[in-house]
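Residue-level listing of the chains:
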Amino acid sequence: MARFSRAAGERSGPPAVVPVEGDMRWTRTFIHTLRQDPADAEVVSHRLMVRAGLISKVAAGIYNYLPLGLRTLAKLERIIREEMEHAGSSELLMPAVTPAELWHESGRWSQYGPELLRLKDRHQRDFCFGPTHEEVVTDIVRREVRSYRQLPVNLYQIQTKFRDEVRPRFGLMRGREFVMKDAYSFHADPADLEVAYRAMETAYCRIFERCGLSYVKVEADTGNIGGSESHEFMVLADTGEDAILSCSCGYGANAEKAETGALPEAPAWPRQAPESPEAVATPEQTSVEDVAAFLELEPAHFIKTMIFETDQEFVAVLIRGDREINEVKLKNALGCTHLQLASAEKIETVTGGPQGFSGPVGLHDVRVVADPTVMSLAVTATGANAADAHLVGVRPGRDFDPAVVADVNLAVAGDPCPRCGQPMIEKRGIEVGHIFKLGTKYSEPMRCTFLDSEGNEQPCIMGCYGLGVGRTAAAAVEQNHDDRGIIWPLPLAPFEVVLVLLNSDQDDVVAAAEQIYGSLRAAGVDVLFDDRLERPGVKFNDLDLIGFPVRLVVGKKGLASGNVELSLRRDGERQMIPLDGVVQAVTGLLAEERAKLPS
RNA sequence: CGGGGUGUAGCGCAGCCUGGUAGCGCACCUGCCUUGGGCGCAGGGGGUCGGAGGUUCAAAUCCUCUCGCCCCGACCA
């Protein structure tokens, strides 16, 4: 059965080439496992995917998808395509190499840093290898759409992207070249975008559920776009690069974005605080903890003052002494694209005092940003902008007046949930999907407009929806493995069933295995026939490493009593099946396993 | 971008400090043997030691440059 062959008319481009069912025996395909761990693999998924012969490295962050690995990708892509089509998106394929002009139009040619791989053609014209395709898709739509009657438009592609990451690592989890599903929608009004956004949200949930992955959907940072809504889909794994804060009430957010409920107030001052700011000597006490201990106060009594440098200015950022600053929130509050801590020299220039003794009182020529936790302090202590001195008795609002009051507080595990106030917990996750309400960020500068029912020209309101294909496969491994190897969830396994021939020198055993292989294929079972002339130990170890969900062993011992052995990779429990019941047992087991997941 | 490390057979590594004709394990080839968890024995093939330059009678080894790869840091006043 042509489970993987493409339906007539179904379009797709590389790397979506779907393997066509041929003779699926090990010796006729290309499967090569490694006995030893690759030297450069740090994380489980990278190590196992290389060892199992799913991928191999070509250059830093650039991989071959070998036949087994490609089968997994193809299965995942098939699920993605089904759900995207179901959600009303149409597949197309845009070029990987795109002209600089489009990127100039959106302004991203200059905004994007070295992550954008730039190329020149023989005429010295600028191009780049697309890291994402907002510009290109907006160009497509603006050429055709004139009227609100032509909206909405919803397009997706599955394509190879390139981002020249500073530090590619973790195999497919953070490669430079990677396969991604990206979708874009265009709408006449926000309500219509909302409909598409929710449809995508549902589609993503279904995709990860159908893959058998344990994931969470969390609120995410919207970056410099502002105001819009954004959600990330995280596959839960201890090795995940992102921290997620979540609450039993259902609230969940990327730590970059997470808010908190009301934080516990700072303890009362242990003694009478001075009426007006009073300088006290704090020789060589630079950290809040040290100064607090030195002055016999709590860190929460302090204002921590950090000097940042943005692409346009210096800012002094105030946070309560027991808290940390969330730089992503700060970036959003400032509306800047670059942000970094100022150097010690620059701090001196800006505040007049050395690093470690900064405070908001008497600062001029810099904007002061204060977190609400600072403004709610009645009386505080902070740096005096002079060496070895702090001020006590500082009253926010009286002794200094911040230009901006904004939430720049970094939420941590144990903080109260913004919705219900219960303490939040922290988990780690791998970001596998990210959906966005873009608004008019691209449609406006690129003049992707339509005429509304009153004849007014308006920019399209856009959404974009990304899903890392390779990363999802890696996340599946990260989440499903043991010390022997991968334990593929059934929907993503390169083959659902592996049929193992032992004693390949004995004609009757070979004949029995061949006969079973034939009837399994006739029954449409997704089976690989391990017909190698290897010792059993070698075979079993390879199969455990690759992680085929269902294993069927044909050997002379079982055959002597007319049986073959059936087991699941997950638990390894073996059951003997009479020869004439093999197909039924396998198809029954597969049906049982499939029933556990949505389809 | 900074700091560190590394590059020797397909893979994993030793040799380098103290220059003197390149080694181990796995894999591979041949034969015998063996076949339900990475067998055994015997024989064999395979490397311009990342590249360029230099020092030297002699360089994998010392020096300089270069390229690739890996790790750490992007750290809180």
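Rules used in this analysis
- Residues numbered from 1 in each chain as written.
- Chains lettered and ligands numbered in written order.
- Predicted model: local features only at pLDDT ≥ 70, side-chain atom pairs only at ≥ 80, totals over all residues.
- Heavy atoms only, no water.
- Helix = DSSP H or I, 4+ residues; strand = E, 2+ residues; numbered from the N terminus.
- Buried < 20%, exposed > 50% of the residue type's maximum accessible area, 1.4 Å probe, protein only.
- Areas by Shrake-Rupley, 256 points an atom, 1.4 Å probe, with all protein chains shown as cover.
- Contact = heavy atoms within 4.5 Å.
- Pairing = 2+ DSSP bridges.
- Axes fitted to C-alpha atoms, helices over the stretch in contact; angles between N-to-C directions.
- 1 Å grid on protein atoms, 1.4 Å probe; cavity = no way out; pocket = protein on both sides within 12 Å on 5 of 7 lines; lining within 4 Å.
- Points joined across faces, edges and corners; volume = space filled by probe spheres on them.
- Nonpolar A, V, L, I, M, F, W, Y, C, P; charged D, E, K, R; others polar.
- Near = heavy atom within 4 Å.
- Polar contact = N/O pair within 3.5 Å; in protein donor to acceptor, adjacent residues only side chain to side chain.

## Description of the overall build of chain A
- Counting secondary structure elements, chain A contains 15 helices and 31 strands.
- The C-alpha extent of chain A, read off along each of the three principal axes, is 95 × 65 × 50 Å.
- In chain A, which comprises 599 residues, the proportion classed as buried is 54%.
- Accessible area for chain A stands at about 26400 Å²; split by element, carbon and sulfur atoms hold 49% of it.

## Details of the side chain of R108
- Here R108 lies in helix 4 (residues 108-111).
- Given a relative accessible area of 9%, R108 falls into the buried group.
- If we ignore the near neighbours within four places in the chain, the residues touching R108 are W103, T132, E134, E135 and Y442.

## A closer look at the sheet that holds strand 16 (residues 339-341)
- With mixed pairing, five strands are arranged side by side in an open sheet as 16-14-15-17-20. Here the strands that pair on one side only, and so sit at the sheet edges, are strand 16 and strand 20 (404-405).
- Here strand 14 (residues 303-310) pairs with strand 15 (residues 314-320) via seven bridges, running antiparallel. In the sheet register, K304 faces strand 15, and the bridge partner there is I319.
- In the packing of helix 9 (residues 344-351) onto the sheet, the strands contacted are strand 14 and strand 15, and the crossing angle to strand 14 comes to about 105°.

## Some remarks on the pairing of strand 30 (residues 563-568)
- The element strand 30 is extensively covered by neighbouring structure, given that six of its six residues are classed as buried.
- Side chains N563, E565 and S567 of strand 30 all project onto a buried face; the interleaved residues V564, L566 and L568 project onto the opposite face, where all are buried too.
- Pairing of strand 29 (residues 550-554) with strand 30, which is carried by four bridges, proceeds in the antiparallel orientation. Paired with L552 across the two strands is L566, which belongs to strand 30.
- Bridging between strand 30 and strand 31 (residues 574-578) involves five bridges; their strand directions are antiparallel. Following the sheet pairing, S567 is matched in strand 31 by R574.
- Here strand 30 hands over to strand 31 after five residues, with G572 in that stretch at a positive phi of 75°.

## Here we look at empty space enclosed by the protein
- Summed over the entire model, instances satisfying the criterion amount to two cavities of 30 Å³ or more.
- Along its surface, the second largest cavity is lined by M49, L54, I55, Y65, G69, T72, L73, L172, A473 and W488.
- Considering each element in turn, the lining of the second largest cavity owes the most residues, three residues, to helix 2 (residues 67-86).
- Class assignment for the residues of the lining of the second largest cavity results in eight nonpolar, two polar and no charged.

## So, helix 13 (residues 536-546)
- Within the sequence span of helix 13, burial applies to K539, D542, L543, D544, L545 and I546.
- As for helix 13, its buried residues are in contact with helix 1 (44-51), helix 2, strand 26 (485-486), strand 27 (497-501), strand 28 (527-530) and strand 29.
- Positive phi shows up at G547, right after helix 13, with a value of about 90°.

## Focus: the protein's contact with RNA strand B
- Neighbouring RNA strand B are 45 residues; R167, I347, R484, D544 and E565 lie closest to it.
- Sugar plus phosphate, as a fraction of atoms of RNA strand B within 4 Å of the protein: 50%.
- Side-chain polar atom of R35 to a phosphate oxygen of RNA strand B: 3.5 Å apart, as the coordinates give it.
- In this structure, a base nitrogen belonging to RNA strand B sits 3.5 Å away from a main-chain N or O atom of F540.
- Among the elements of the structure, strand 14, helix 13, strand 29 and helix 14 (556-560) are those that each provide at least two residues to the surface near RNA strand B.

## Let's talk about the pairing of strand 1 (residues 55-59)
- Relative to strand 2 (residues 62-65), strand 1 runs antiparallel, the two sharing four bridges. From the neighbouring strand, I55 faces strand 2, where its bridge partner is Y65.
- What sits between the antiparallel neighbours strand 1 and strand 2 is a turn of two residues, in which G61 has the positive phi angle 75°.

## Some points on unusual backbone geometry
- Here the amide bond leading from L151 into P152 is cis, since omega sits at 0°, within 30 degrees of zero.
- Checked against the element boundaries, P152 lands in the loop between helix 5 (134-144) and strand 7 (153-162).
- Positioned with a positive phi, R447 is a non-glycine residue whose angle comes to about 55°.
- The exposure class of R447 is exposed, given its relative accessible area of 65%.
- Positive phi, close to 45°, is recorded for N503, a residue that is not glycine.
- Its place among the elements puts N503 in the loop between strand 27 and helix 12 (507-522).
- In this structure N503 comes out as partly exposed when scored by relative accessible area, which is 24%.

## Considerations on the environment of V432
- Tracing the backbone through its elements, the reader meets V432 in strand 21 (residues 425-439).
- On a C-alpha basis, the gap between V432 and L467 in space is 5.8 Å, while along the polypeptide they are 35 residues apart.
- Excluding anything up to four places from it in sequence, V432 contacts F208, F233, V235, G466, L467, G468, R471, T472 and A475.

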